[in-house]
Every structure is written in structure tokens, then in C-alpha cells.
Amino acid sequence: MHMILPEALPPIGHIKKERSAQNDFMQISTINEARNGNGVSRNVRSVIMSVLALPENKKLKENILTSGKVIMRFSGDGRRVTKITCSGVMGTLKLLSENAEDIGMSPMEEHCIYLYEGDESYDYQQKCAINIYEQLKEVCENGIVFDNTNVDVEWYITADWKFTAIILGLSGPCSQYFCAWCECPKERKSDFSVLKWTPRTQERSSLYMGSMGYKKKTLVTADWDNVLVDVLHLFLRVMGKLLNQVVSWTVQQRVQEQLVAEMRRIGVTFRFYSVQGVGCNTSVLKWSDLDGEELKVVLKNLDLTNVLQDMADKSVTQIDALRKPQLIVQLQKHSINTDKLSVAQMKVKLKELIGNSMVSRSETQQTPRVRLSVARLVKLWKEFDSIMEQINSSSDETLETKCRQWAIQFRVVTFDEDVTPYIHALVYHVPQQLIKVRHLKHFCCQGVEKKNHLQNKRYHQGTQKGGRGTLWTKQVMQYENRDMYARLNDYDRTKRHWLSHSNQEEPVYRQIFDENEDL
């Protein structure tokens, strides 16, 4: 091709040289402590200065120079890169101003600062990411100089609950002291009469190390008040719980076809299916998992009155409709160890114990039967939709009261045991954090999750997957460098305007081939 089009195509050697230069546009350091030595990082200060120099961040730069402060949001996430052998963890930065509306939530705004092969455990984080956390601390303490102006840096952290607990050295969300923001014990998770729980701080972490959920020394030094709840995962977990409750009652009333038809009406693909259970000869009933956008459609448009009817006792349900946590609770009532049992084995064991396929989710045998009211359930869904809209727009003094009243109604309409850690956070932490930052949705992990997906895609499509002595983490980070270089120099590809085949001009190379077809 170069021989035919010498002016249009440069020599392959020049292309390789340019690619190599763009790969090294920002220094990439190797993390030898990662699994198989397969980990890389980029300097935090260099990433920040490059992001501020991007042409599309003109409004962000103006707001930062006006306020004299830049907000740096750190997040992280792990992923299963391949089914068996390979997993990875990345950490990202996102820059915002106090206005926070000058930047979007796309993965283009998330800038990777480390990527290593391994898991999200505390030990791996301590070995592979501690240097990056020290750089984040140094940048916050000393600030940056931008356009000859000293700019302060304020550090915020937002991630899913598991990752947040790990880097803060806390117990997980299923432990006795589950909360990452306060010292609420597990047995009082559904008690919303308490006005305020004791907040966690760096000082209390040092004072009560080994108790109250403080397991290990924190890996990050950000102010605990700047550790924010991720409203994306909050919505996914709470809405997922609400939907699973409806599905369970649908199975109990044997109206699965009505639910599938109602989902089809609102444009959501949903189905029930059975799979062979692991370790037994019985089948397990399952249903479709919905993503965030589909859950939003379901929350706003699903008409529950077209699916469910009132029930005399909402706690009685079919064993096939129970999820794993609910099965564990039921089997523990019979002193059965569930550590080595699959979901299918749990269902078979529970059916053998009670002698039928129905089970009551009541706490005790003496608990009076509680009626399921579809009208109250519909109201609960609508109020949750209203709360999420308020969280994603603005806050006022009524939000905390509104969240507390909703959580109390959740207990009445559904079950105490279904109160999740995110419902606790919705009542006790989200309203206060929303007042502090005003635009909590701009700190969420929507772009992080998409960035994780894109990096996984690049592993499978754009790397050698570690073959022939290569580091796939380095190849993915080099792609990040080339992408940053292209955006800085306005080399981003633009989508070609579509033309019908009859109106398209012949490509130059096709014209040359046609002229020389006799050669």
C-alpha cells in the first residue's frame, strides 16, 4: 500500500516509531508485587496535569481557577478478566470543580492510575497500590500549580461497598459492624428510631483497632467525611431487592406469565427458566438479571396491579422462589451448616426438613400473619422513585425525613430481614453527604463500571493476553496513554457522515487500482 500511495501512507517504520512515542507519552511504572509481576501505574500528578490540559475541559479549568480548588475523586473496582485464571483491579481518578456540573459521567472522564492482576483483597491493595495512595496524599497536602496559580486539591473516595471497606481497613457489609460510615451494629440495622449513630473517623480507627469493625490500618488518609456512598450501587441493590420481592410473590401466586407480559409491555426482556442444580438431580428456578437502565424502566413503568393480588400472609412463599441469603436463614433455623451446600442442595434439604414446598419467612412461629397490600407496595415503589430523583437533582432539609419514613414503610410492607446495608446508608448517610457535595450523582461509579468493561474488552481485543512474555496490564495502560495523547492533540476520530452507496465517492486507492488493473 505504501508503494502505491507513498504520500498518503507513511512507512511502517514511522508508524511503529510514532506508536512507541505515544505509548511513552506518560511514564508507566511496573508493579512487581502484583500477581506474576503483571501490574502498572502512572504518576498521579502527571495524570492530573494532563487531564487539566485537555481541550474539552475548558469550562472545568475556568471554574477551578476561579475557586482555587480542584476536587479529585478516587475510585476503584475489580473484575474477572477470564473465567478461571485471570482477574484484575484498577484505580481511577476523576477531576471536578465545586460546581461539579462542568463534567459528565462517561468513562472518558475516568483516568486510570493503576492496574494490576490480582484481587481486591487488603493484602494485594497494600502491596500493589500503597505507592499510589501515598502520591494521592502528597498531592492533597501540597496542591498543584496550574497556569501559574496555586490550586488546592480536595480528595474524595467513592466506590462499591466492598472496595470501600477494604481500603479503609473495615469489616465487610455482612459483618457485625457492617457500616463503612458509622458504628451501627448488625442487629440494629433495621432500627430507624435512632436519630444518629457514632460516625467513623481516622482517630476512632486507631483507638478501637481490632473492634467495632476496625480490622486493619486504613490504606488511604482521606478525611472520612469525604468517603461518599455510591448512589449507583445504592439504586442497583435497593431496586434489585424490591424486584426480587415482587418476583417471589409472583412465583407464590403462580402468575409468572403475567409478569413476563407486563415486562414486555414496558420494553424490558424478562423470563423465567430452570437449570440443573449443582450436586443434586433437581432443577433450580431462576429469572433474568436486569441492568441499571432496565431497572429504571421497571421502577417507573411497571404496573404491579396487573401482576399481583393481595395476599392473606405475605411471609408464606415457595422454596423455589427463595434466594441464597433467605435459604441460609431458613436452614439455620434448623441448625444446618450451609457452608458447602449449593443453592439447589439448600432447596432440596429445606424441602426434606419441612416436608413440603412452602415455607414461612416469619421470624418466629408466633408471628401473626401479615397481609400483602399491592396498593401499599405500589406506593412504596413510587416513593423510592421520588427519593432517587431528588438525590440525583438536589437536596433539601426534608430528604432525611423522607428517607427515614420510606425505610420504616419498607419494613411494614415487606420484611425486616430484607433491610440491606444500602437502605441503612440511604437513611443515615446519603442526605448528609448530599448537603456536603450538592451533586452526589457526579461522584458515582457509573463511569468507573463502564471503564472496567472497556478495559476488559481491550484485554480480549487489543492485547496479547500475556502471551510471549508480554504484560497485558501494560498494553492496556499504553492504550490509555495513546487515548490521552490523541485527545490532547485533537486527533480523536470523528464518525463519518453516512451517505447512500450511489452518492459515495470512490476511495483514492480504488481509483488507482482501477487505473492500473491491466498491469
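All of the points below concern the structure found in this document.

What to know about helix α9 (residues 256–265)
Residues of α9 that are buried include every one of Leu-259, Val-260, Glu-262 and Met-263, and no others. Looking down the long axis of α9, one finds its buried residues gathered within 160° of arc, a one-sided arrangement. Within α9, the exposed residues directed more than 90 degrees away from the buried face are Glu-257, Arg-264 and Arg-265. Looking one or two places after α9, you find Gly-267, whose phi comes out positive at around 85°.

Quick word on the packing of aromatic side chains
Under the definition given, this model contains 21 aromatic pairs. For the ring pair Phe-74 and Tyr-133, a centre distance of 5.5 Å and an interplane angle of 85° mean the geometry is edge-to-face. Remark: Tyr-133 occurs in helix α5 (residues 130–142) and Phe-74 occurs in strand β3 (residues 69–80); sequence separation between them is 59 residues. The cationic tip of Lys-127 hangs over the ring face of Tyr-124; the distance from NZ or CZ to the ring centre is 4.6 Å. The ring of Tyr-214 is capped by Arg-200, whose NZ or CZ atom sits 4.6 Å from the centre of that ring.

Some remarks on helix α15 (residues 421–428)
For α15, a buried count of eight out of eight residues is recorded, marking the element as mostly surrounded by other parts of the structure. Looking at the buried side of α15, the elements it contacts are α6 (161–167), α8 (231–253), α13 (374–391), α14 (398–413) and α16 (430–437).

Quick look at the environment of Asp-191
Its place among the elements puts Asp-191 in the loop between α6 and α7 (202–207). Along the primary structure Asp-191 and Arg-411 are separated by 220 residues, whereas in three dimensions their C-alpha atoms are 9.7 Å apart. Every residue in contact with Asp-191, bar those within four places of it in the chain, is listed here: Trp-197, Arg-411 and Tyr-428. A polar contact of 2.7 Å, which involves the side chain of Asp-191, links it to the side chain of Arg-188. A polar side-chain atom of Asp-191 sits 2.6 Å from a polar atom in the side chain of Ser-193.

Some thoughts on the side chain of Ser-50
By the element assignment, Ser-50 lies in helix α2 (residues 44–52). Apart from residues lying up to four places away in sequence, Ser-50 is in contact with Phe-25, Met-26, Met-484 and Leu-488.

Examining unusual backbone geometry
Located in the positive-phi region is Asn-148, a residue other than glycine, with phi close to 60°. Not every positive phi belongs to a glycine, and Arg-254 is a case in point at roughly 55°. Within the element layout of this structure, Arg-254 appears in the loop between α8 and α9.

Some points on the packing of helix α17 (residues 446–462) against helix α18 (residues 472–488)
The contact between α17 and α18 brings their axes to 10 Å, and the two run at 115°. Here α17 runs over α18; the crossing is right-handed. Residues Lys-451, Gln-455, Arg-458 and Tyr-459 of α17 pack against Trp-472, Val-476, Tyr-479 and Glu-480 of α18. Taken together, the residues of the contact of α17 with α18 sort by class into four nonpolar, one polar and three charged.

Calculation notes
Residues numbered from 1 in each chain as written. Predicted model: local features only at pLDDT ≥ 70, side-chain atom pairs only at ≥ 80, totals over all residues. Heavy atoms only, no water. Buried < 20%, exposed > 50% of the residue type's maximum accessible area, 1.4 Å probe, protein only. Helix = DSSP H or I, 4+ residues; strand = E, 2+ residues; numbered from the N terminus. Arc of directions from axis to C-beta. Phe/Tyr/Trp six-rings, centres within 6.5 Å; stacked < 30°, edge-to-face > 60°. Lys NZ or Arg CZ within 6 Å of the ring centre and 35° of its normal. Contact = heavy atoms within 4.5 Å. Polar contact = N/O pair within 3.5 Å; in protein donor to acceptor, adjacent residues only side chain to side chain. Axes fitted to C-alpha atoms, helices over the stretch in contact; angles between N-to-C directions. Left-handed = near helix turned anticlockwise from the far one by under 90°. Nonpolar A, V, L, I, M, F, W, Y, C, P; charged D, E, K, R; others polar.

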